[in-house]
Amino acid sequence: MRLVSPHNPQGYAVIWKASITFDGSNISDLQTKIQIQLGKSVTLGGGSVGAEYLAHVQQHNPPCPPPYWFATHISASN
């Protein structure tokens, strides 16, 4: 799953915090109690991860190419 925008079509591969779940069509944040349908606009808290974290992920043969966004929470976009 990638976080993309019209200005950044490659986007970011998302690394989800454990409190965020995906059931195949909806992303749910157990902390904020917000549920977003896949494909809808969303605001994700968090940020891009640094080189040290990327080195750790790359050691484990990641299925998605960088860059990565570590999502800490979700909220609905305005």
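Before reading on, note that the structure itself is shown above.
Nothing here was measured: the structure is a model prediction, and the numbers come from that model.

### Brief notes about the overall build of the protein chain
At step 1: On a plain count of helices and strands, the protein chain comes out with one helix and seven strands.
At step 2: Helices and strands in the protein chain line up, N terminus first, as β-β-β-β-β-β-α-β.
At step 3: In the protein chain, which comprises 78 residues, the share counted as buried stands at 27%.
At step 4: The long-range share in the protein chain, meaning contacts at least 24 apart out of those at least 6 apart in sequence, stands at 57%.
At step 5: Summing over all exposed atoms, the protein chain offers an accessible surface of approximately 5,200 Å²; the carbon and sulfur share of this is 56%.

### Some details on unusual backbone geometry
At step 1: Unlike most non-glycine residues, Lys 33 shows phi in positive territory, near 65 degrees.
At step 2: Note on placement: Lys 33 falls in the loop between strand S4 (26-29) and strand S5 (34-37).
At step 3: A relative accessible area of 68% means that Lys 33 is categorised as exposed.

### What about a nonpolar patch on the surface?
At step 1: Where nonpolar side chains cluster on the molecular surface, the patch consists of Met 1, Phe 22 and Leu 38 and spans about 270 Å² of accessible area.
At step 2: For Leu 38, the position within the fold is in the loop between S5 and strand S6 (42-48).
At step 3: Take Leu 38: its relative accessible area is 42%, and that puts it in the partly exposed class.

### Digging into the side chain of Ser 28
At step 1: Looking at the element boundaries, Ser 28 is found in strand S4.
At step 2: A distance of 3.3 Å separates polar atoms of two side chains, one belonging to Ser 28 and the other to Gln 35.
At step 3: Not counting the four nearest positions on each side in its chain, Ser 28 is found in contact with Ser 19, Ile 20, Thr 21, Ile 34, Gln 35 and Ile 74.

What counts, and at which threshold
Residues numbered from 1 in each chain as written. Predicted model: local features only at pLDDT ≥ 70, side-chain atom pairs only at ≥ 80, totals over all residues. Heavy atoms only, no water. Helix = DSSP H or I, 4+ residues; strand = E, 2+ residues; numbered from the N terminus. Buried < 20%, exposed > 50% of the residue type's maximum accessible area, 1.4 Å probe, protein only. Contact = heavy atoms within 4.5 Å. Areas by Shrake-Rupley, 256 points an atom, 1.4 Å probe, with all protein chains shown as cover. Patch = residues over 30% accessible without salt bridge, like charges linked within 9 Å, V, L, I, M, F, W, Y side chains within 5 Å. Salt bridge = Lys/Arg side-chain N within 4 Å of Asp/Glu carboxyl O. Polar contact = N/O pair within 3.5 Å; in protein donor to acceptor, adjacent residues only side chain to side chain.

Interpretation note: all reported values are geometric properties and have no functional meaning in isolation.
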